[in-house]
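# A closer look at the structure
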Amino acid sequence: FFRLPLLSMRCSACGRQGHNCRSRACRGAPPADARPPKRARREAPSAPEPLSALEKVPQWILFATATDQALGLGHATETARFLYIRVLGRDWDAQVYSPSCTVKTALQRLLLRPQLYQTACTKLGCPAEVVLDHDPDEGGDWAQRRGRYTATLGAYRAIFGRPAEAEFWPPAHVEVPEDPGTTQGTRGTAQGTRGTTQGTRDTAQG
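For every chain, the first residue of its written sequence is number 1, and the numbers climb from 1 along that sequence. Selection of residues for local features in this predicted model requires a pLDDT of at least 70, selection of side-chain atom pairs for listing and counting requires 80 or more, and totals for whole chains, interfaces and linings are taken over all residues. Only hydrogens and water are removed before side-chain values are computed, so all heavy atoms of the structure are retained for them.

### Some remarks on the overall build of the protein chain
A run of DSSP states H or I qualifies as a helix once it reaches four residues; a run of E qualifies as a strand once it reaches two. Both are numbered from the N-terminal end. Helix and strand counts for the protein chain come out as 10 helices and 0 strands. Ordered by position in the sequence, the α and β elements of the protein chain form the string α-α-α-α-α-α-α-α-α-α. Going through the 206 residues of the protein chain one by one, you find that 30% of them count as buried. Restricting to contacts in the protein chain with at least 6 residues of sequence separation, those with at least 24 account for 61%. Total accessible area computed for the protein chain in this model is approximately 14,200 Å², and 54% of it derives from carbon and sulfur atoms. Residue burial is assigned from relative accessible area. The probe radius is 1.4 Å, only protein chains are included, and a residue is buried under 20% of its type maximum, exposed over 50%, and partly exposed in between. A contact between two residues is defined here by any heavy atoms of the two lying within 4.5 Å. Throughout, the Shrake-Rupley method with a 1.4 Å probe supplies accessible areas, and for residues the shown protein chains are the sole cover considered.

As structure tokens, this is what we get:
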């Protein structure tokens with residue numbers, strides 16, 4: 001049989017190896033080489049908050065204040081977060097991610113300030129002389145747009161560690177329906193049917 005070597009324990013009171021203090025003086029003293037738990041010793045994420053660079057730009061502060069006053073608190077923040085998602089995904093040509101209609105409204109306000117938009121792209125990590133392209137039509141294909149929007153929601157959660165707020169980022173089936181014309185068409189058909197029924201009743205009464 002092999003005998004495993006006994007590992008000497010470190011005293012929880014004084015920190016000395018192979019020692020177990022029982023004296024009151026030692027119990028009250030902190031360990032000599034006390035270290036925080038392993039969980040606390042893990043390094044913090046090195047990636048900074050994406051807005052930290054923009055917060056130092058006076059023009060962005062003015063834009064954010066005006067946008068939040070016009071559209072509601074948080075619109076400028078979510079716009080910057082969306083741009084940051086695109087930067088990390090290297091989506092230079094707007095072929096991977098799509099914004100919500102709410103965020104798109106704030107983004108269009110930013111696009112009216114080309115200098116500030118370029119500054120924002122640079123601060124959020126775009127390579128030199130690269131600006132995130134914007135596709136106002138978003139390809140015109142609802143199926144593809146829904147895929148890009150779903151990818152945006154997934155990237156948001158992965159990057160920021162929490163789901164996107166529904167106020168700015170509705171669920172995909174709400175933001176991008178599978179067939180946007182179906183609901184409207186069904187409503188129109190139903191209204192037409194009700195009109196026909198009403199006309200038949202009027203004719204019968206007359």
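From this point, the narrative continues.
### Notes on the packing of aromatic side chains
Within 6.5 Å between ring centres, the rings of Phe, Tyr and Trp (the latter by its six-membered ring) count as paired, and their orientation is classed by plane angle as stacked under 30 degrees, edge-to-face over 60, tilted in between. With the rule as written, the count across this model stands at 6 aromatic pairs. Judged by centre distance (6.1 Å) and plane angle (45°), the ring pair of phenylalanine 82 and tryptophan 169 falls under tilted. In this pair, phenylalanine 82 sits in helix H5 (residues 75–88) while tryptophan 169 sits in the loop between helix H8 (142–160) and helix H9 (172–175), placing the two residues 87 residues apart along the sequence. We classify tryptophan 169 as buried; its relative accessible area is 3%. Judged by centre distance (6.1 Å) and plane angle (55°), the ring pair of tyrosine 156 and tryptophan 169 falls under tilted. Here the residue tyrosine 156 occupies a position in helix H8, and tryptophan 169 occupies one in the loop between H8 and H9, the gap between them amounting to 13 residues. Assessed through its relative accessible area of 2%, tyrosine 156 is described here as buried. Within the aromatic cluster, the residues linked to one another by ring pairs are Phe82, Tyr84, Tyr149, Tyr156, Phe160 and Trp169. Directly above the ring of phenylalanine 160 sits arginine 81, whose terminal nitrogen or CZ lies 4.4 Å from the centroid. Placement of a positive charge over a ring is assigned whenever Lys NZ or Arg CZ falls within 6 Å of the ring centre and within 35 degrees of the normal to the ring plane. Positioned above the aromatic ring of tryptophan 142 is the side chain of arginine 145, whose terminal nitrogen or guanidinium carbon lies 6.0 Å from the ring centre.

### A look at the confidence of the model for the protein chain
One confidence number per residue, pLDDT, is output by the predictor and ranges from 0 to 100. Looking at the protein chain, the pLDDT average stands at 74 and 61% of residues meet or exceed 70. Every residue in residues 23–48 scores below 50 in pLDDT, and together they form 20 contacts with partners more than four places removed in sequence or on other chains. In this model, residues 182–201 is a region of pLDDT below 50 whose contacts with residues beyond four sequence positions or in other chains number 0 contacts.

### Considerations on the side chain of arginine 86
Position of arginine 86 relative to the elements: it lies in helix H5. Arginine 86 has contacts with Asp91, Trp92, Asp93, Ala94, Tyr97, Tyr117, Leu132 and Asp133, leaving out every residue within four places of it along the chain.

### Comments concerning the state of the cysteines
The rule for a disulfide is simple: a pair of cysteine sulfur atoms within 2.5 Å. Scanning the model with the defined rule gives 0 disulfides in all. Sulfur of cysteine 121: no disulfide; nearest cysteine sulfur belongs to cysteine 126 and is 4.5 Å away.

### Describing the environment of valine 130
With respect to the secondary-structure elements, valine 130 resides in the loop between helix H7 (114–123) and H8. Distance from valine 130 to tryptophan 92, taken between C-alpha atoms, is 7.9 Å for residues 38 residues apart in sequence. When sequence neighbours within four positions are dropped, the list of residues in contact with valine 130 reads Trp92 and Cys121.

### Description of the side chain of glutamate 78
Assignment of secondary structure puts glutamate 78 in helix H5. Think of a polar contact as two N or O atoms within 3.5 Å of one another; within protein, one of them needs to be a possible hydrogen donor and the other a possible acceptor, and neighboring residues in sequence only count if both atoms come from side chains. At 2.9 Å, the side chain of glutamate 78 forms a polar contact with the side chain of tryptophan 169. If we ignore the near neighbours within four places in the chain, the residues touching glutamate 78 are Val103, Tyr156, Phe168 and Trp169.

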